[in-house]
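# Descriptive structure summary
So you can see what is in the structure, the chains are spelled out below.
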Amino acid sequence: MTNTKKQNNSANLQRTISFPMLVLYGMGTMVGAGFFALAGKVAGVAGMYAPVAFAVAGVLALFSALAFAELSSRLPHAGGSARYIEEAFGKQWLSAVIGWMIIATGIVSSATLTVATVRFIQDFVSVPEQLSLVLVALLLGGIAAWGVRMAVGVVVAISLLQIVTLLYVVFASLTGPDSVHVEWTAIWPPLETTAWVGVLSAAFLAFYAFIGFEDMVTMAEEVRDVRESLPVALVFSLILAALLYMSVSAALVLTISPETLAEAKTPLAAAVQHHGTLAVSAIGVISILSAVNSALVQIVMVARVAYGMADRNYAPKVLGKVSKRTQTPWLATVLATLIIALFAATLELTTLANVTSLVLLAVFSVVNFALWWLKGREGKSKGKHFNLPRSVPLFGALVSAAALLFKLTQML
């Protein structure tokens, strides 16, 4: 195992994130722009059983979330997955590869979300696209560099707006004058192969609505009582997101036909149309904020992973510089922001966005396998950290690999 001394930065990251803030931050990493679009697509595949598909997806994601929870308790380090791989296999080069893969996916994802933000804005007002892309990226980078409390505060505030909006969608769906109104029992699939094949196919699609929980572990060096708070917050936020997804999905399919939802560009807006144009516009604004939220989370994550990698000497040490005033990895944040602005303004990102999903699922597989390997190496010994049965990360690795293959078959 590699034992590398911690480098001397100009300052250390500050532990300012409380448990409630961490839970809401976790919700913000998952309840983003993805669900606003996925709700209709999942209904198109699973039909009336879409809520069950989200439940199955939540269970599948939970296995990986549990693995990240234990690893964050064992190794509360900003490097996240890269640090876990080092601990399991003792190969610095492999840790570096994983770390740079995560940084690349974060940059591409944030660039994609920056483009989505500007295009959402263009639905309301005419703005110059290239300039707007750069300005949005710089604004988000500025928030991330200003201080972790500010960045997390923005994510938490938008997360609360998203949660309130989704609860409003549930209310609007169930009280619409022209709603279909199907019995609640209709959302439970019968014990037939055809029905469950559709549910499982939709569940693998819905799985992507949960991606984001893994970003929470990169905040490990800025969380109070990290060994206790972070594992619980990670699992709790995923469960809350799953319950929210299931509730919204159930309200939608019980009142709007799955076919209509599948064809709608903004399925959540379709549920509130009877409340007037103001309600529809509000959904559009929340969609913009959701994209902003997700992009900001990615910038924060990229900077922390770069800082953590520099801390372990498998990235340039300069990326580990922390501002004494803001106590954030300012140089890593600035560099990430500039690259994101460049990518957003110049590249066609559709293919890269698909590659991002593939890379993340590959990382999930490797991280789960790393925990399974660690637990096997230790035998039956138990530490004071959050502890899982060894079978859990093995199943998480298999689930992630299956989701990876499913995504590959969709792209081919």
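What you are looking at is a predicted structure, and each value in this text was computed from that prediction instead of being measured.

### Some thoughts on the confidence of the model for the protein
- Per-chain confidence: the protein averages 85 in pLDDT, with 91% of residues scoring 70 or above.
- Ignoring residues within four places in sequence, the model shows residues 1-10, a span with pLDDT below 50, making 29 contacts including any to other chains.

### Re the side chain of arginine 312
- As for its position among the elements, arginine 312 is in the loop between α12 (277-311) and α13 (330-346).
- A polar contact is formed between the side chain of arginine 312 and the side chain of glutamate 86, at a distance of 3.0 Å.

### Here's the deal with the pattern of salt bridges
- Tallied over the full model, the rule gives six salt bridges.
- For arginine 74, the salt bridge is made with glutamate 70, and the minimal N-O distance between the two is 2.9 Å. Note that arginine 74 and glutamate 70 are positioned in helix α3 (residues 50-74) at a spacing of four residues, about one turn of the helix. Each member of the pair, arginine 74 as well as glutamate 70, is classed as buried.

### Quick notes on the nonpolar core
- Phe213, Tyr245, Leu252 and Leu268 are the most contacted members of the largest nonpolar core, which totals 142 residues.
- By residue number, the principal contributor to this core is α12, which donates 17 residues.
- Residue contacts for leucine 252: discarding those within four places in its chain leaves Ala39, Val169, Ser173, Leu261, Pro267, Leu268 and Ala271.

### Quick word on the packing of aromatic side chains
- Taken as a whole and judged by the stated rule, the model has 12 aromatic pairs.
- Seen from their ring centres, phenylalanine 89 and phenylalanine 369 are 6.2 Å apart, and the 25° between their planes marks the pair as stacked. Placement of the pair is phenylalanine 89 in helix α4 (residues 81-89) and phenylalanine 369 in helix α14 (residues 350-378), with a sequence separation of 280 residues.
- The partly exposed category is assigned to phenylalanine 89, whose relative accessible area is 24%.

### Observations concerning a nonpolar patch on the surface
- A contiguous nonpolar patch, built from Leu131, Leu135, Leu138, Trp330, Val334 and Leu338 and spanning about 540 Å² of accessible area, is present on the exposed surface.
- At the level of secondary structure, the elements contributing two or more residues to the nonpolar patch comprise α6 (129-146) and α13.
- Looking at the secondary structure, you find tryptophan 330 in helix α13.
- You can call tryptophan 330 partly exposed: its relative accessible area is 36%.

Each value, and the rule that gives it
- Residues numbered from 1 in each chain as written.
- Predicted model: local features only at pLDDT ≥ 70, side-chain atom pairs only at ≥ 80, totals over all residues.
- Heavy atoms only, no water.
- pLDDT = per-residue confidence, 0-100.
- Contact = heavy atoms within 4.5 Å.
- Helix = DSSP H or I, 4+ residues; strand = E, 2+ residues; numbered from the N terminus.
- Polar contact = N/O pair within 3.5 Å; in protein donor to acceptor, adjacent residues only side chain to side chain.
- Salt bridge = Lys/Arg side-chain N within 4 Å of Asp/Glu carboxyl O.
- Buried < 20%, exposed > 50% of the residue type's maximum accessible area, 1.4 Å probe, protein only.
- Core = buried A, V, L, I, M, F, W, Y, C linked by side-chain atoms within 4.5 Å.
- Phe/Tyr/Trp six-rings, centres within 6.5 Å; stacked < 30°, edge-to-face > 60°.
- Patch = residues over 30% accessible without salt bridge, like charges linked within 9 Å, V, L, I, M, F, W, Y side chains within 5 Å.
- Areas by Shrake-Rupley, 256 points an atom, 1.4 Å probe, with all protein chains shown as cover.

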